[in-house]
Amino acid sequence: MSKLNNHAAMLLARQQSSLKANGLIRPITLADNPAIANVIRQVSAQYGLTADKGYGVSDPSLDCMMQTYDKTNAQYWVIERQQCVVGGAGIAPLSGHVDTAELQKMYFSDSIRGLKMAQPLFDTCHTFAKAAGYTRIYLETTAVLVEALAFYQRLGFRPCAHLGDTGHDACEIAMSLTL
């Protein structure tokens, strides 16, 4: 697998994204940590995805996302709109599966839902995963996230067995997409 550093991730994001009326997709910075953690907490609360149930909102990395994704073949992107972080998603290696990237923490605040930002954000993640040498993308989700589930299915994700130890016991749906 090739090694991508933050500089390569920045270049990739610039190639994949441009400033639009709906928002700018860019790699996360240290200053974005509190804002994306807040987005994830708010969205999780709206859907009843509480920490005590084992959802991603319980991850210790939530308040240090930039540092969490500052490793080889990993990157997190945020969506910035009107100078506010309003969403994001990341790609990271799936533990125990060297050829598999995990799509992680794809969340959108109310202010951008319906503005068609999911596709360009996923395209950025997909392009990064291919460039990093992954052969598939894996994700875990829950049936509560009806819109997300429909989106993943439209992208070509198919149900699969749970892989690795992601720590998200409550996410009953595992899906993968061959690259």
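What counts as what
- Residues numbered from 1 in each chain as written.
- Predicted model: local features only at pLDDT ≥ 70, side-chain atom pairs only at ≥ 80, totals over all residues.
- Heavy atoms only, no water.
- Helix = DSSP H or I, 4+ residues; strand = E, 2+ residues; numbered from the N terminus.
- Buried < 20%, exposed > 50% of the residue type's maximum accessible area, 1.4 Å probe, protein only.
- Polar contact = N/O pair within 3.5 Å; in protein donor to acceptor, adjacent residues only side chain to side chain.
- Contact = heavy atoms within 4.5 Å.
- 1 Å grid on protein atoms, 1.4 Å probe; cavity = no way out; pocket = protein on both sides within 12 Å on 5 of 7 lines; lining within 4 Å.
- Points joined across faces, edges and corners; volume = space filled by probe spheres on them.
- Arc of directions from axis to C-beta.

Before going further, it helps to examine unusual backbone geometry. Unlike most non-glycine residues, glutamine 83 shows phi in positive territory, near 65°. Along the chain, glutamine 83 falls in the loop between β2 (75–81) and β3 (84–94). A relative accessible area of 74% places glutamine 83 in the exposed class. Look at lysine 105: it is not a glycine, yet its phi comes out positive at around 50°. Within the secondary structure, lysine 105 sits in strand β4 (residues 97–108).

Topologically, threonine 100 is positioned in strand β4. Of note is the side chain of threonine 100, whose polar atom sits 3.1 Å from the side chain of aspartate 99. Ignoring any residue separated from it by four or fewer positions in sequence, one finds threonine 100 in contact with Ala92, Pro93, Leu94, Tyr134, Arg136 and Tyr138.

Our focus in this paragraph is the layout of surface pockets. Estimates place the volume of the largest pocket at around 830 Å³. Lining the largest pocket are 33 residues, with Met106, Phe108, Glu147, Ala148 and Tyr152 sitting closest to its centre. Secondary structure elements with two or more residues in the lining of the largest pocket: β4, α4 (118–131), β5 (136–141) and α5 (146–155). Considering each element in turn, the lining of the largest pocket owes the most residues, seven residues, to β4.

Okay, α5 next. Restricting attention to buried positions, one finds in α5 the residues Leu149, Phe151, Tyr152 and Leu155. Down the axis of α5, the smallest arc covering the buried residues is 160°, so these residues share one side. Set apart from the buried face of α5 by more than 90 degrees, the exposed residues are Val146 and Arg154. The secondary structure elements touched by the buried residues of α5 are β4, α4, β5 and β7 (173–178). Glycine 156 lies just past α5 and shows a positive phi near 105°.

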